[in-house]
Amino acid sequence: MGKLILVGTPIGNFEDISLRALKTLKEADLILTEDKRVTLKLINHFELGKKELFTFNEANSEKIMDTVLSLIESHNITALVSDAGMPVLADPGFNLVQRCWEKGIPIDVVPGPSALTSALAVSGFPASKFLFLGFLPRDKKLRRLLREIKEFEYPIVFFESPNRIIKTLQEILDNFGDIEVFVAREITKLYQEFFKGKISEGIKFFESKDQVKGELTVVISPARRI
């Protein structure tokens, strides 16, 4: 029977990859990937050789689940990677891991970089407990969610797209008041940028830019919310 290994990959800077991750990817007979083009860049950069890649992402995961399970069983080592960071965390894969547990397929993990923990660590907010929301819903569902978590006493972390960051911060300001926020853009990449301050200041900060680009990780202060 084959084995599934979850492999954390860099969230931006290739130098953040671990020696164990490189060893695992080199030894893997099959790599399950969100986007073959993204994974190929990593494989080619580290000269890991010709690899069998199979696309497994949110759009197709349920439809091809039985096929993927058969592939894992027919290969010695199958690595599951996301486009960046740890698989399963705000990425597809939890359903595959669950099915592997049910079928008795061995599972292992190679820890790697995470935008979630990186942003939380550098935010300066207490991080012993926190709430992670992944990508937020929109409009009415977002407002309902904000009401539900208003009394949460620890930092709140989520991912946001550049074209929605201003609107989302405004919704948080309207619901939580003008508390502190930390926003990390393009963590570990060439144009990495951090902002920390009041939410109203964050809105002005992003409004002052001609265009906001890149991936954003947001940490909301645990300070009392109105």
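Scroll up to find the structure.
Predicted, not measured: the structure shown is a model, and the values here were computed from it.

Turning next to the nonpolar core. Of all hydrophobic cores here, the largest spans 22 residues; its most connected members are Phe176, Val181 and Ile220. When residues of this core are traced back to their parent elements, those giving at least two are helix H6 (139-149), strand E7 (156-160), helix H7 (165-176), strand E8 (180-185), helix H8 (199-207) and strand E10 (216-220).

As a further point, take the pattern of salt bridges. By the definition in use, this model includes 14 salt bridges. The partner of Asp108 in a salt bridge is Lys3, and the shortest N-O contact between them spans 3.7 Å. Pair noted here: Asp108 is in strand E5 (residues 107-110) and Lys3 is in strand E1 (residues 3-7), with a separation of 105 residues, a long-range link. Accessibility expressed as a relative area gives 27% for Asp108, which makes it partly exposed. Between Glu193 and Lys209 there is a salt bridge, and its shortest N-O distance comes to 2.9 Å. Linking Glu193 in strand E9 (residues 193-198) with Lys209 in the loop between H8 and E10, this pair joins segments that are 16 residues apart in sequence. For Glu193, a relative accessible area of 21% puts it in the partly exposed group. Looking at Lys209, the relative accessible area reads 27%, which means it is partly exposed.

Taken together, the side chains of Lys140, Lys141, Arg144 and Arg147 define a basic patch exposed on the protein surface. Structurally, Lys141 is set in helix H6. The exposed category is assigned to Lys141, whose relative accessible area is 56%.

Parameters and conventions
Residues numbered from 1 in each chain as written. Predicted model: local features only at pLDDT ≥ 70, side-chain atom pairs only at ≥ 80, totals over all residues. Heavy atoms only, no water. Core = buried A, V, L, I, M, F, W, Y, C linked by side-chain atoms within 4.5 Å. Buried < 20%, exposed > 50% of the residue type's maximum accessible area, 1.4 Å probe, protein only. Helix = DSSP H or I, 4+ residues; strand = E, 2+ residues; numbered from the N terminus. Salt bridge = Lys/Arg side-chain N within 4 Å of Asp/Glu carboxyl O. Patch = residues over 30% accessible without salt bridge, like charges linked within 9 Å, V, L, I, M, F, W, Y side chains within 5 Å. Areas by Shrake-Rupley, 256 points an atom, 1.4 Å probe, with all protein chains shown as cover. Lys, Arg positive; Asp, Glu negative; His and termini not counted. Charge placed at Lys NZ, Arg CZ, Asp CG, Glu CD.

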